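What follows is the residue order along each chain.
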Amino acid sequence: MQKLRDINEALAYLKEGEIITENGMNRFVMRGERVSCYDSGTRFSLELNEFRELYQKNSFYLYEETVQIDEDKDEAYYRYYKK
């Protein structure tokens, strides 16, 4: 994950439609003029000024989704369901 310099860079990426995270588990997304946070089954949204005030000292990273395929399970599935 790419570390962002500060809250201003984090807000710039949010405005471009990117997803950012603090720890890889939570996600911050821009929805209209508000920042939505998704973490452990909870969701809340903040105005830009609120987000800046609350999170200005936190470190952020660009969120990268990784898809992991279990080759053994994949092979077993296709071996069982031959067409």
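Since this is a predicted model, take the numbers as computed values, not measurements.

Before going further, it helps to examine the pattern of salt bridges. Scanning the entire structure with this criterion turns up two salt bridges. For arginine 5, the salt bridge is made with glutamate 9, and the minimal N-O distance between the two is 3.9 Å. A relative accessible area of 72% means that arginine 5 is categorised as exposed.

Let us look at helix α2 (residues 48–55). Every buried residue of α2 is listed here: Leu48, Phe51 and Tyr55. End-on, the buried residues of α2 take up no more than an arc of 65°, which puts them together on one face. Facing away from the buried surface of α2 by more than 90 degrees, the exposed residues are Asn49, Glu53 and Leu54.

A complete count under the given rule lists six aromatic pairs for this structure. Here the aromatic rings of phenylalanine 51 and phenylalanine 60 are separated by 5.8 Å at their centres, their planes lie at 40°, and the arrangement is tilted. Site record: aromatic cluster; members linked through ring pairs are Phe28, Phe51, Tyr55 and Phe60. In this structure, arginine 27 packs its charged tip against the face of tyrosine 63, placed 5.7 Å from the ring centre.

A separate point is the pairing of strand β2 (residues 27–31). Looking at chain direction, β2 and strand β3 (residues 34–39) are connected through five bridges and run antiparallel. Bridge assignment links phenylalanine 28 to a residue of β3, and that residue is cysteine 37. Taking the residues between adjacent antiparallel strands as the criterion, β2 and β3 are bridged by two residues, where glycine 32 takes a positive phi near 70°.

Helical geometry: 3.6 residues make up each α-helical turn, so side chains three or four residues apart lie on a common side. Those residues of helix α1 (residues 7–15) that fall on the buried side of the exposure criterion are Ile7, Glu9, Ala10, Leu11 and Leu14. If you follow the buried residues of α1, they end up packed against β1 (20–21), β2, β3 and α2. The backbone nitrogen of asparagine 8 lies 3.3 Å from a side-chain oxygen of the residue at the head of α1, namely aspartate 6. Two residues or fewer after α1 comes glycine 17, characterised by a positive phi angle close to 95°.

Thresholds applied
Residues numbered from 1 in each chain as written. Predicted model: local features only at pLDDT ≥ 70, side-chain atom pairs only at ≥ 80, totals over all residues. Heavy atoms only, no water. Salt bridge = Lys/Arg side-chain N within 4 Å of Asp/Glu carboxyl O. Buried < 20%, exposed > 50% of the residue type's maximum accessible area, 1.4 Å probe, protein only. Helix = DSSP H or I, 4+ residues; strand = E, 2+ residues; numbered from the N terminus. Arc of directions from axis to C-beta. Phe/Tyr/Trp six-rings, centres within 6.5 Å; stacked < 30°, edge-to-face > 60°. Lys NZ or Arg CZ within 6 Å of the ring centre and 35° of its normal. Pairing = 2+ DSSP bridges. Contact = heavy atoms within 4.5 Å. Polar contact = N/O pair within 3.5 Å; in protein donor to acceptor, adjacent residues only side chain to side chain.

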